[in-house]
Amino acid sequence: MSARGINQWAEMTGKDLRHPMVDVPEFTLNATGKAVPKIKIDANDPAASPWLAYFASRESWNKEKFAKAFPKEKQYRHSLQEEIESLRALVRAAQEKKLANKQFELIAQMDKDSVLEAFVLLARPDEGVATDHAEYLKNNRPKLRLYVANYVIQK
């Protein structure tokens, strides 16, 4: 279903459409490929370990994994595969520390429901991730529908 069609349906039925809120700290990758968060994250704070795991995963993609996963692409870009692996690293770190956090639990639930990729593509795409949309759509249209039905349409 197109975005226009679903928006018209929502207006007619009075449904509220909203992507789940996941607040990923903004960061940049410096010249050496190190993730530098735009907000201060205390590495000694146990609650920070999930974000540190996320950043470490993103760094490894920038430094080595991207070239192996996408050998035909000459330059690094943020990919859907990278973002999913990084979000899963975040969830694993949160679970290891037994941290109760609604956002981490939401990410884990979307992954369990097989709609985490759909969430990233529809709610959090950047230019690099958007490059992977067409290929994902070919094989996963039902997952996109499931994501919209279960997470975007607010009941």
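Residues numbered from 1 in each chain as written. Predicted model: local features only at pLDDT ≥ 70, side-chain atom pairs only at ≥ 80, totals over all residues. Heavy atoms only, no water.

1. Quick notes on helix α7 (residues 133–152)
- Between the first and last C-alpha of α7 there are merely 18 Å, a value that for 20 residues lags more than 12% behind the 28 Å anticipated at 1.5 Å per step.
- Along its length, α7 reaches its greatest deviation from straightness, about 90°, at Asn140, and the proline Pro142 lies no more than four positions downstream. (Helix = DSSP H or I, 4+ residues; strand = E, 2+ residues; numbered from the N terminus. Expected span 1.5 Å × (residues − 1). Bend = angle between axes of the 7 residues up to and from the residue.)

2. Overview of helix α2 (residues 49–69)
- Given a rise of 1.5 Å per residue, 21 residues ought to cover 30 Å, yet the end C-alpha atoms of α2 are separated by just 26 Å, more than 12% below that figure.
- Those residues of α2 not exposed but buried are Ser49, Pro50, Trp51, Tyr54, Phe55, Ser57, Arg58, Glu59, Ser60, Trp61 and Phe66.
- Buried residues in α2 make contact with β2 (27–29), β3 (35–37), α3 (80–96) and α4 (102–112). (Buried < 20%, exposed > 50% of the residue type's maximum accessible area, 1.4 Å probe, protein only. Contact = heavy atoms within 4.5 Å.)

3. Side note on the pattern of salt bridges
- Inspection of the entire model under this criterion finds 10 salt bridges.
- Linking Lys65 and Glu85 is a salt bridge whose minimum nitrogen-to-oxygen distance equals 2.4 Å. Placement of the pair is Lys65 in helix α2 and Glu85 in helix α3, with a sequence separation of 20 residues.
- Measuring nitrogen to oxygen at the nearest pair gives 2.8 Å for the salt bridge that ties Arg77 to Glu73.
- The class of Glu73 is partly exposed, set by a relative accessible area of 29%.
- Within the structure, one salt-bridge network assembled from shared partners comprises Arg58, Glu82, Glu83 and Arg124. (Salt bridge = Lys/Arg side-chain N within 4 Å of Asp/Glu carboxyl O.)

4. Digging into the side chain of Ser60
- Inspection of the secondary structure assignment puts Ser60 in helix α2.
- Judged by its relative accessible area of 19%, Ser60 falls in the buried class.
- Side-chain polar atoms of Ser60 contact the backbone oxygen of Ser57, separated by 2.8 Å. (Polar contact = N/O pair within 3.5 Å; in protein donor to acceptor, adjacent residues only side chain to side chain.)

5. Focus: the packing of helix α5 (residues 116–123) against α7
- Axis separation between α5 and α7 bottoms out at 9 Å; the angle between their running directions is 100°. As the angle between them shows, α5 and α7 are arranged roughly perpendicular. Taking contact as the criterion, the partners of Glu117, Ala118, Phe119, Leu121, Leu122 and Ala123 in α5 are, on α7, His133, Tyr136, Lys143, Leu144, Tyr147 and Val148. (Axes fitted to C-alpha atoms, helices over the stretch in contact; angles between N-to-C directions. Parallel < 35°, antiparallel > 145°, perpendicular 65-115°, else oblique.)

6. Description of the packing of aromatic side chains
- What the rule picks out here adds up to 9 aromatic pairs.
- Where Tyr147 meets Tyr151, the ring centres are 6.0 Å apart and the plane angle is 15°; that geometry is what we call stacked. Here Tyr147 pairs with Tyr151, and both are found in helix α7, just 4 residues apart, close to one helical turn. Assigned by exposure class, Tyr147 and Tyr151 land together as buried.
- Counting every residue linked through ring pairs, the aromatic cluster contains Phe27, Trp51, Tyr54, Phe55 and Phe104.
- When the ring centre of Phe70 is taken as reference, the NZ or CZ atom of Arg77 above it lies at 4.9 Å. (Phe/Tyr/Trp six-rings, centres within 6.5 Å; stacked < 30°, edge-to-face > 60°. Lys NZ or Arg CZ within 6 Å of the ring centre and 35° of its normal.)

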